[in-house]
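Structure at a glance
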Amino acid sequence: MWLFALPALLINVCIILVPAVLTFTAAFFIWDGVGTPVWAGLTNFQNMVADPVFWSALTNNFIWTAIFLTVPVCLALVMAAALLMAPKARIVVQSIIFLPRIIAVAVTGRIFQGMIFSPATGIVAWLNEHGFSISDPLADPDRSLYAVAAVDIWHWWGFLAVVFLAAMRQISVDQIEAARLDGAGFFALFRYVLLPGISPTLTLMLILTVIWSFQVFEFIFIVTRGGPAYGSEVLATFAYRHAFFEGDVGHAAAAACVMSLFGLCATAVYLRLQITDDAQST
Amino acid sequence: MTMTRRQLVAAIPTAALAANLPRGARAEDGRKVVTFWFGQANSDGQAALRNDLVEAFNASQDKYLLQMEVKGAAVNNLLKVALVAGNGPDIVQTAGPAYLTAIANAGQVLPLDDFAEKYKWKDRFLAPLLNTSVYGGKLYALPRDYESMHLFYNKELFKQNGWKLPSNRQEMEQIADAAIAKGIIPFGAGNADWKGVNEWLMTVFFNNVAGPDNVRKALSGELPWTAPPFVEAVELSKAWYNKGYFGKNYFSLTIEQSFLQVVNGKAAMALSGTWSFGTKSYGMSKPDTVMDVAPTPSLGSAVSGPLVHLACGATLSIAKTSQNAEGAAAVFEFMLTRKFYEAMNRDWPGKWALPVKDLPPEMLSGIGYPLFEKTIANLHEAFSKGQYGFTTWTFWPGATNSYLIEGIEQVWLNKITPDAYLTRLQTLFSQEAKEGKVPPLPPRTA
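My aim in this report is to walk through the structure given alongside it, one point at a time. (Residues numbered from 1 in each chain as written. Chains lettered and ligands numbered in written order. Predicted model: local features only at pLDDT ≥ 70, side-chain atom pairs only at ≥ 80, totals over all residues. Heavy atoms only, no water.)

Structural notes on the overall build of chain B
Inclusion rule: Secondary structure elements are taken from DSSP: a helix is a run of H or I of four residues or more, a strand is a run of E of two residues or more, and numbering for both begins at the N terminus. Each residue gets one of three labels from its accessible area relative to the maximum for its type: buried under 20%, exposed over 50%, partly exposed in between, using a 1.4 Å probe on protein chains only. Here, two residues are considered to be in contact whenever any of their heavy atoms come within 4.5 Å of each other. Computed by Shrake-Rupley with a 1.4 Å probe, the accessible areas treat only the displayed protein chains as cover when residues are assessed. Think of it this way: Lys and Arg go in the positive column, Asp and Glu in the negative one, and His and the chain ends go nowhere. Charge coordinates come from a single atom per side chain, which is NZ of Lys, CZ of Arg, CG of Asp or CD of Glu.
Assigned secondary structure in chain B consists of 19 helices and 13 strands. Referenced to the eigenvectors of the C-alpha coordinate spread, the extents of chain B come out at roughly 85 × 50 × 45 Å. Taken across its 446 residues, chain B has 58% of its residues classed as buried. Relative to all contacts within chain B whose residues are 6 or more apart in sequence, the contacts with residues 24 or more apart total 77%. In the structure as shown, chain B presents an accessible area of about 17,800 Å², 52% of it carried by carbon and sulfur atoms. Distance between charge centres in chain B, computed from 43 positive and 40 negative side chains, equals 4 Å.

This is the structure we're talking about:
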């Protein structure tokens with residue numbers, strides 16, 4: 001069996017474990033990315049926690065996680081349940097809502113930046129010309145994070161809906177029919193049959209959402225680069241800026257360790273739930 | 001000899017590695033290959049690079065074959081990783097001395113002193129620019145161009161409104177207030193596609209308010225960034241932002257959109273750099289252009305007259321691991337030919353204005369671009385005489401410069417005070433100065 005797993009194991013060791021260990025090690029050195037690393041002990045971590053931008057970035061990661069644990073999940077659950085009830089519309093609607101997922105992140109980011117939010121060329125400009133006074137949310141440090149989140153939700157929720165629909169279709173038709181015969185309406189069916197029926201999938205997606213939310217980078221980097229005034233800075237953009245613009249790889253690695261810590265916590269919760277589930281089923 | 005399946009599988013990575021080994025590679029015709037990575041270039045720029053540099057160099061001799069790849073905005077990051085891995089290009093182009101410092105300190109590029117001796121580069125380049133690449137008495141790069149911030153303005157709009165070219169802060173603010181009263185944006189500015197626009201503006205505020213001498217003292221560690229002249233500079237930048245001098249959409253507009261506001265008469269002026277000459281959509285090379293350009297006026301009592309700012313937008317070095325350093329040096333020497341200088345500045349103005357004494361700006365008089373010609377002539381003269389301020393992207397060390405760009409947004413958007421901003425700037429600068437990361441300053445006189 002070990003021989004069978006060897007190729008995958010080797011690939012994982014080379015492209016995941018080795019870089020992870022190197023990143024963890026780099027967090028204890030001062031290194032500009034090209035010169036010789038110098039041992040620094042906990043200095044990078046001390047500098048990091050003394051930096052107010054780190055805390056605002058971490059807070060933004062929590063806000064992002066809260067948004068993605070609720071808004072797209074609710075949208076996707078309702079859409080999946082509706083599609084389950086309306087099989088004729090399923091193929092067309094699924095294709096439409098899945099489409100944003102297959103558009104490149106850079107393209108999606110530019111579309112929202114230039115064609116929607118821009119006060120020069122976007123829908124915001126058109127609305128301003130027609131008497132509505134609306135400013136670009138990407139230019140406001142208090143709203144930029146939410147504006148980028150809206151872009152990512154547009155890109156993400158359709159995929160979630162398709163995943164949830166696939167899970168709902170595994171629920172026994174007899175169970176759904178029985179609930180209906182007992183007089184269950186849409187919300188009762190959703191609450192007492194569909195949600196419990198997809199709870200393993202839902203749990204997995206929620207755990208993955210937490211992990212991904214602490215790694216979020218692309219949309220924020222493309223649309224706002226963490227600004228303005230660090231308004232949409234998250235840990236990943238914080239780490240990127242330190243590594244590649246400030247030549248401070250150790251500081252960036254320390255931030256990456258914090259990102260990984262939250263991912264590890266989420267993974268631990270998931271494993272714990274799985275073990276509990278396995279124990280209950282045996 | 002037959003090969004087993006296992007041997008074949010084992011040979012694949014070896015073959016793949018071998019196929020990717022560019023070091024000391026030879027082209028089919030036996031010429032030694034010289035590799036060169038370029039950063040961002042628009043379509044005009046890419047055509048100019050292809051025709052005026054690569055093809056022209058390859059046609060000019062039969063020993064070396066120049067191969068160029070345009071890598072885009074991430075080139076600086078790619079370059080660092082490649083150099084550490086010993087797999088970078090022969091010619092190492094950085095985005096200026098601030099980027100070169102770490103690479104040169106790490107010994108990733110060769111000292112060019114032997115080549116400089118052979119080709120007399122030290123006699124030919126303008127000293128203030130060549131000296132920005134001297135570390136520990138050794139020359140590590142050649143400056144590819146010189147740049148400066150300038151005041152671009154719509155001369156037709158100025159004429160219509162009876163405005164004269166401002167020569168001090170008071171006149172500048174009078175025009176800005178008058179423009180706002182007429183619904184015209186005083187300065188077309190936007191950083192949606194490039195946050196570095198913040199440092200373009202801060203270069204003007206630091207130098208034109210606090211004065212180049214104070215900036216030089218601060219860069220030398222003789223004056224802290226928290227000193228009153230710099231507080232005044234940051235406070236003025238905040239006041240101008242809050243008064244709407246940069247328009248309502250600074251964070252939403254791209255560089256091109258904001259500059260076109262000036263060209264289209266929606267904005268009166270722009271504080272931008274000489275690289276703006278290279279964007280054809282601005283129409284500044286046309287005889288009937290509405291645009292004009294001048295050095296930036298004094299904005300404080302420490303500055304007596306219009307000011308240009310010393311900037312080197314790119315440096316050219318040779319990788320330590322290069323197997324073809326001679327070939328790379330031959331490319332540099334080709335860049336110093338009159339033919340290349342004229343062709344490149346005609347096809348892509350502002351990108352390759354080599355600061356070389358024997359390539360005088362008068363040589364550009366035939367390219368049909370009067371605004372560019374006069375600006376380069378002024379710069380050449382100012383830099384030759386040692387009359388200039390200092391650009392942040394050339395003389396500020398990396399982390400300090402990054403905070404200068406990011407933190408000023410917090411000041412403008414009332415998240416922190418100018419004092420808090422400068423205190424943090426000083427902390428970072430002190431740390432980087434201690435670590436030897438501050439780029440070298442040229443002597444005050446040429």
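As for the packing of aromatic side chains
All names here are of chain B. For the record, the criterion: Any two rings among Phe, Tyr and Trp, with Trp reduced to its six-membered ring, count as a pair given centres within 6.5 Å; such a pair is stacked if its planes are under 30 degrees apart, edge-to-face if over 60, and tilted if neither.
According to the stated counting rule, one finds 64 aromatic pairs over all chains in the structure shown. With centroids separated by 5.6 Å and ring planes inclined at 55 degrees, the aromatic side chains of tyrosine 146 and phenylalanine 383 adopt a geometry described as tilted. Of the two residues, tyrosine 146 is situated in the loop between β6 (142-143) and β7 (149-154) and phenylalanine 383 in helix α16 (residues 370-385); the sequence distance between them amounts to 237 residues. For the pair tyrosine 369 and phenylalanine 372, a centre-to-centre distance of 5.7 Å together with 45 degrees between the ring planes defines the contact as tilted. Of the residues examined, tyrosine 369 reaches a relative accessible area of 5% and is grouped as buried. Residue phenylalanine 372 is classed as buried on the basis of its relative accessible area, which comes to 0%.

Some words on the nonpolar core
Quick note on the threshold: By nonpolar core we mean a set of buried residues, namely Ala, Val, Leu, Ile, Met, Phe, Trp, Tyr and Cys, connected to one another through side-chain atoms within 4.5 Å.
Within the largest apolar cluster, 155 residues are counted, with the highest numbers of intra-cluster contacts made by Leu53, Trp121, Phe206 and Trp225 of chain B. When residues of this core are assigned to their parent elements, the largest contribution, 9 residues, is made by helix α10 (residues 197-210) of chain B. Apart from residues no more than four positions distant in its own chain, tryptophan 121 of chain B is found in contact with Leu112, Phe115, Ala116, Leu130, Leu142, Ala329, Phe332, Glu333 and Leu336 of chain B. Within the second largest apolar cluster, 43 residues are counted, among which are Ala76, Val151, Ile171 and Val234 of chain A.

In short, the description is geometric, and any link to function would need to be established separately.
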